[in-house]
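What the coordinates show
Each chain, letter by letter, is given below.
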Amino acid sequence: MDLDLSACALFLDLDGTLIEIAPTPDGVTISEGLAHLLERLEQGLGGALAIVTGRPIGDVDRLLAPLEPVAAGVHGAELRPLPHGTILSRAAPIEEDIVDAVRRVAADHPGALFEPKRFSVAVHYRQRPALAPALELAMARLLQDGRHDHLVLAHGRQVLEIVPRQVSKGVALEVIMETPRFAGRRPIMVGDDITDISAMTAAIRLGGKGLKVAGERFTRAEADFSGTSDVIAWLEAEARRLET
């Protein structure tokens, strides 16, 4: 790919982009050297590298230790504008009644996996994809009583998630781009899922690019990368180029 990153700011999704999707969120395998690769890129970009993910930032730090990069977690409900810095909340914790209701939805559909994240709550159906229509209907009904207009149902790779309406990866990217390490650079967002599209759109609006990773959302014909290994190979090449 003919793209000079030296004047860019790099925004990277995690699951499906840097690491392979696993049957459960805790079942992912981190490739050896990933944290060091990201550290090299961070240094080569003058600190202008961020992880933008649906996971909490605590998960990012656990998976990428000892690296603690600039990050947006839970689709932008959490924000860390500086490496190793304070994690800021950009939304109120999700109400317990919604968490309990989603827990019951998951329990009523064997094979579904319940995942609370403080600012959102998700149900994964990777182990039983056929559950998708029933789960979507049940999750949508939870938001139809008029008391939770501040929440929306988001779709991901075999996951349904109730999130605050005002947060998105796109908003998070725009906020990070205003910080000193990122300001004046060209944003490049790399992602594989529906929730990454808002960040790709924001990056393009700010003069950058949105790069797609093939998977369940993007076909190989429309994607810039065939999968996570292709992304890693590109990042390795770019890290070497930035070091010369």
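This text goes with the structure placed above it.
Right, let's walk through the structure included here.

**Re the pattern of salt bridges**
Close approach of charged atoms allows side chains of opposite charge to pair. Here the structure, examined in full by the defined rule, presents 18 salt bridges. The residue Arg157 makes a salt bridge to Glu216 at a minimum N-O spacing of 3.9 Å. Of this pair, Arg157 sits in the loop between β8 (151-156) and β9 (159-164) while Glu216 sits in the loop between β11 (209-212) and α7 (228-243), and the two are 59 residues apart along the sequence. The exposure class assigned to Arg157 is buried, which follows from its relative accessible area of 16%. Look at Glu216 and you get partly exposed, because its relative accessible area is 42%. Between Arg205 and Glu174 there is a salt bridge, with the nearest N and O atoms lying 2.1 Å from each other. With Arg205 in helix α6 (residues 197-205) and Glu174 in helix α5 (residues 169-177), this residue pair connects regions lying 31 residues apart in the sequence.

**Notes on the pairing of strand β7 (residues 121-124)**
The alternating pattern of β7 places Val121 and Val123 and Ala122 and His124 on opposite faces, both of which are buried. Connecting the antiparallel pair strand β6 (residues 113-116) and β7 is a turn made up of four residues, with Arg118 showing a positive phi of about 75°. Where β7 meets β9, four bridges bridge the pair, whose relative direction is antiparallel. In the strand pairing of β9, His124 is matched with Val159.

**Some remarks on the pairing of β11**
With four bridges joining them, strand β10 (residues 186-191) and β11 adopt parallel strand pairing. Within β11, the position partnered with Val190 by the bridge is Leu211. A crossover links β10 with its parallel partner β11, the connecting element being α6, and its sense is right-handed.

**Description of the nonpolar core**
One finds Leu10, Phe11, Leu18, Leu38 and Val190 to be the most contacted residues of the largest nonpolar core, which totals 56 residues. With six residues, α7 is the largest single contributor of residues to this core. Counting residues in each nonpolar core, the second largest holds 21 residues, with Ile94, Ile98, Leu135 and Leu160 among its members.

Rules used in this analysis
All residue numbers refer to positions counted from 1 along the written sequence of the respective chain. pLDDT decides what is reported in this predicted model: residues at 70 or higher carry local features, side-chain atom pairs at 80 or more are listed and counted, and totals for whole chains, interfaces and linings draw on all residues regardless. By convention in this description, side-chain values take in all heavy atoms of the structure and omit both hydrogens and water. For salt bridges, the criterion is a side-chain nitrogen of Lys or Arg within 4 Å of an Asp or Glu carboxyl oxygen. Each helix corresponds to a stretch of at least 4 residues labelled H or I by DSSP, and each strand to a stretch of at least 2 residues labelled E; elements are numbered beginning at the N terminus. Think of it in three bands: residues with accessible area under 20% of the maximum for their type are buried, residues over 50% are exposed, and the middle band is partly exposed, with areas taken using a 1.4 Å probe on protein chains only. For two strands to be treated as a pair, DSSP must find no fewer than two bridges joining them. Crossovers are marked right-handed if the path from the first strand over the helix to the second runs clockwise, as seen with the strands pointing away from the viewer. Here, nonpolar core means buried Ala, Val, Leu, Ile, Met, Phe, Trp, Tyr and Cys residues that are tied together by side-chain atoms lying within 4.5 Å of each other.

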